[in-house]
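Residues per chain are reported as follows:
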Amino acid sequence: VFLPLYPMTIRLFAGKGDLFLGAFLASQIFSLACLPSAYELFRLDRDRKSAAACARILYLLPGTAFLRVPMSEALFLFLTLNTVYQARKKRYLAASLLSALSALTRSLGILLLALIGIEMLLDFLSKFGQDRRQALVPRYQRSWRYPLAL
């Protein structure tokens, strides 16, 4: 059983033709569309060469074989990568809309709203001069003695 966005996408790609062919075509297109999306997301934190390597590795991992078969994984990954990218670029409305589409693809997509909330909180805290990496980590946890206290 699929949530509604994937079957609607299949019908869009199939037209009045074969639904299996439409599902296969949709999976192939979204699987390939994940590459530039992953590259742009990795490019926010890395240089061009590293981002290109990360995108290639993402596509060559054994688990990505599921992206190329007629299942909702390719569409979900495409929407998730673009949700994270939009949230990192501080385009929260676009990220929220993509998150909603992701939730219409797979139920785990609703969790992307938490990611958007964290990005908004980090953006809010960074306006007060606090470092993004240390914003959500309490001061006592940054100490080298913290693991000993556990």
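Within the chain one finds seven helices and zero strands. The secondary structure elements of the chain, listed N-terminal to C-terminal, are α-α-α-α-α-α-α. Across the 150 residues in the chain, those meeting the buried criterion constitute 32%. Restricting to contacts in the chain with at least 6 residues of sequence separation, those with at least 24 account for 56%. When the accessible surface of the chain is summed, it comes to about 9,800 Å², and 68% of that surface belongs to carbon and sulfur atoms.

Attention now goes to the side chain of Ser-37. Summarising the element assignment, Ser-37 is placed in helix H2 (residues 19-43). On the basis of relative accessibility, which here comes to 8%, the residue Ser-37 falls in the buried class. A distance of 3.3 Å separates polar atoms of two side chains, one belonging to Ser-37 and the other to Asn-82. The contacts of Ser-37, once residues within four sequence positions are left out, are Phe-78, Leu-81 and Asn-82.

Here we come to the pattern of salt bridges. In a structure, side chains of opposite charge can pair up when their charged atoms sit close to one another. Under the defined criterion, the tally for this structure stands at three salt bridges. Here Glu-73 and Arg-106 are joined by a salt bridge, their closest N and O atoms 2.6 Å apart. Here Glu-73 is found in helix H4 (residues 73-88), whereas its partner Arg-106 is found in the loop between helix H5 (92-105) and helix H6 (112-126), with 33 residues between them in sequence. By relative accessible area, Glu-73 is classed as partly exposed at 22%. According to the relative accessible area criterion, Arg-106 is partly exposed, its value standing at 28%. For Lys-90, the salt bridge is made with Asp-123, and the minimal N-O distance between the two is 3.9 Å. In this pair, Lys-90 sits in the loop between H4 and H5 while Asp-123 sits in helix H6, placing the two residues 33 residues apart along the sequence. A residue is classified by how much of its surface remains accessible, and Lys-90, at 43% relative accessible area, is partly exposed. Owing to a relative accessible area of 11%, Asp-123 belongs among the buried residues under this scheme.

Before going further, it helps to examine the environment of Leu-93. Take Leu-93: it is sitting in helix H5. Looking at Leu-93, the relative accessible area reads 65%, which means it is exposed. Sequence separation between Leu-93 and Ile-116 is 23 residues; the distance between their C-alpha atoms is 9.7 Å.

All told, the structure shown has two aromatic pairs when counted by the stated rule. Look at Phe-30 and Phe-78: their rings are 5.4 Å apart centre to centre, the planes differ by 50 degrees, and that puts the pair in the tilted class. Taken together, the residues Phe-30 in helix H2 and Phe-78 in helix H4 connect sequence positions 48 residues apart. When its relative accessible area of 15% is taken as the criterion, Phe-30 is described as buried. Seen from the ring of Tyr-59, Arg-68 lies directly overhead, with NZ or CZ sitting 4.6 Å from the centre. Directly above the ring of Phe-76 sits Arg-106, whose terminal nitrogen or CZ lies 5.7 Å from the centroid.

Procedures and definitions
- Residues numbered from 1 in each chain as written.
- Predicted model: local features only at pLDDT ≥ 70, side-chain atom pairs only at ≥ 80, totals over all residues.
- Heavy atoms only, no water.
- Helix = DSSP H or I, 4+ residues; strand = E, 2+ residues; numbered from the N terminus.
- Buried < 20%, exposed > 50% of the residue type's maximum accessible area, 1.4 Å probe, protein only.
- Contact = heavy atoms within 4.5 Å.
- Areas by Shrake-Rupley, 256 points an atom, 1.4 Å probe, with all protein chains shown as cover.
- Polar contact = N/O pair within 3.5 Å; in protein donor to acceptor, adjacent residues only side chain to side chain.
- Salt bridge = Lys/Arg side-chain N within 4 Å of Asp/Glu carboxyl O.
- Phe/Tyr/Trp six-rings, centres within 6.5 Å; stacked < 30°, edge-to-face > 60°.
- Lys NZ or Arg CZ within 6 Å of the ring centre and 35° of its normal.

Spatial relationships are all this shows, so hold off on functional conclusions.
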